[in-house]
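Chain residues, written in single-letter form:
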Amino acid sequence: MPYTKAEVAGFSNLFRPYKTYDSKGYNVSDNSINIAVGDVYDLGNGKKVIVENNKMKGIGVTNDNKDIYHFNVFLSGLDSLMRVADQIGFSSLLDEESTPMILDFLQKRGVDTTREFIVNGTKMEVVNGKIVEVGNTHVVPNSIFEKALKRYEK
């Protein structure tokens, strides 16, 4: 599938700013949530996550190396989720190590991860222990794949 240079840059730059700025809590009607720039999440154990323009910032890490490691894995996973949900990152960024932490984070905010759920407008589900974009059988974000496919079909 031929992608334009702009499309490739859009999903391959790991420092590209997030797209979602509209914060929305859990919506039971469609099992959705928005994670937005400016959101602050209290994780309850003295730790917080601040969603910055292009990264997740963690506050409250102890001097325990194991704690620091796990918190960084969580922050990396949350960043990956945000990129996939904002259609600016590969679904393969969501790794096995951070997935249980990300699912726990979503569940604590009301999201039922045992069925389809929506993050920042992107439908997701858990398949074989991995968070994936619903219906996405390719690596690139679905919105970009659909644009390239329409061009190809013309």
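Residues numbered from 1 in each chain as written. Predicted model: local features only at pLDDT ≥ 70, side-chain atom pairs only at ≥ 80, totals over all residues. Heavy atoms only, no water.

A. Inspection of the sheet that holds strand β3 (residues 40-42) at higher detail. What the 3 strands build is an open sheet, ordered β3-β4-β5; its pairing is antiparallel. A single partner strand is all that each edge strand has here, and the edge strands are β3 and β5 (56-59). Here the average twist between neighbouring strands, direction ignored, is 20 degrees. The sheet contact formed by strand β4 (residues 48-51) and β5 spans 4 bridges and is antiparallel. Counted as the bridge partner of V51 is M56 from β5. Sitting on the sheet, helix α2 (residues 65-85) is in contact with β4 and β5, with an inclination near 155 degrees to β5. (Pairing = 2+ DSSP bridges. Helix = DSSP H or I, 4+ residues; strand = E, 2+ residues; numbered from the N terminus. Axes fitted to C-alpha atoms, helices over the stretch in contact; angles between N-to-C directions. Contact = heavy atoms within 4.5 Å.)

B. Molecular detail of the pairing of β4. Only one face of β4 is buried, namely the one carrying V49 and V51, since none of K48 and I50 on the opposite face is buried. Strand direction decides the pairing type here: β3 and β4, joined by 3 bridges, are antiparallel. Looking at the pairing, V40 lines up with I50 of β4. The antiparallel hairpin formed by β3 and β4 contains 5 residues in its connecting segment, where G44 sits at a positive phi of about 85 degrees. With antiparallel pairing between neighbouring strands as the criterion, β4 and β5 make up a hairpin whose turn holds 4 residues. (Buried < 20%, exposed > 50% of the residue type's maximum accessible area, 1.4 Å probe, protein only.)

C. Focus on α2. The end-to-end C-alpha distance of α2 is 30 Å, a good match for the 30 Å that 21 residues give at a rise of 1.5 Å each. The N-capping residue of α2, defined by a side-chain oxygen 3.1 Å from the backbone nitrogen of K66, is D64. A positive phi of about 60 degrees marks Q87, the residue just after α2. (Expected span 1.5 Å × (residues − 1). Polar contact = N/O pair within 3.5 Å; in protein donor to acceptor, adjacent residues only side chain to side chain.)

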